[in-house]
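Single-letter residue listing:
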Amino acid sequence: WGILFSHPRDFTPVCTTELGRAAKLAAEFSKRNVKMIALSIDSVQDHLSWCKDINAYNGEQPAETLPFPIIADKNRELA
């Protein structure tokens, strides 16, 4: 199984809290063999900065990684 999170823009409050919660639940999804991936229209560099914000929201050290990847769709070809 897989979960695709499609978000309109990095750093929006709702998207940040949703991906933050997904990051906290990632281990539970992994136990069930569910792959997670996100899609947003911003650049890879924006995603890396956003990951820091998401981790900080979760009360963790700001890091450029999440337990799942974020696809950069800067040209909106996938979305």
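In this text the structure is predicted, and so the values were computed from the model without any measurement. (Residues numbered from 1 in each chain as written. Predicted model: local features only at pLDDT ≥ 70, side-chain atom pairs only at ≥ 80, totals over all residues. Heavy atoms only, no water.)

Relative to the 20 Å expected for 14 residues at 1.5 Å per residue, helix 2 (residues 44-57) spans 20 Å between its end C-alpha atoms, a close match to the ideal helical length. Three or more residues of helix 2 are buried, namely His47, Trp50, Cys51, Ile54 and Asn55. Seen along its axis, helix 2 keeps its buried residues to an arc of 140 degrees; they face one direction. Where helix 2 is buried, its residues meet strand 1 (2-7), helix 1 (13-31), strand 2 (35-40) and strand 3 (70-72). Residue Gly59 follows helix 2 closely and has a positive phi angle near 80 degrees. (Helix = DSSP H or I, 4+ residues; strand = E, 2+ residues; numbered from the N terminus. Expected span 1.5 Å × (residues − 1). Buried < 20%, exposed > 50% of the residue type's maximum accessible area, 1.4 Å probe, protein only. Arc of directions from axis to C-beta. Contact = heavy atoms within 4.5 Å.)

Let us look at the side chain of Asp42. In this structure, Asp42 sits in the loop between strand 2 and helix 2. A polar contact of 2.5 Å, which involves the side chain of Asp42, links it to the backbone nitrogen of Asp10. In this structure Asp42 touches Arg9, Asp10, His47, Ala72, Asp73 and Lys74, once residues within four positions along its chain are discounted. (Polar contact = N/O pair within 3.5 Å; in protein donor to acceptor, adjacent residues only side chain to side chain.)

Below, the discussion takes up the pattern of salt bridges. Enumeration over the complete set of coordinates arrives at four salt bridges. Measuring nitrogen to oxygen at the nearest pair gives 3.0 Å for the salt bridge that ties Glu28 to Arg32. Looking at Arg32, the relative accessible area reads 54%, which means it is exposed. Among the ionic pairs, Glu64 bridges to Lys52, the shortest N-O distance being 3.7 Å. One end of the pair, Glu64, is in the loop between helix 2 and strand 3; the other, Lys52, is in helix 2, with 12 residues separating them in the sequence. One network of salt bridges, in which partners are shared, links Glu28, Lys31 and Arg32. (Salt bridge = Lys/Arg side-chain N within 4 Å of Asp/Glu carboxyl O.)

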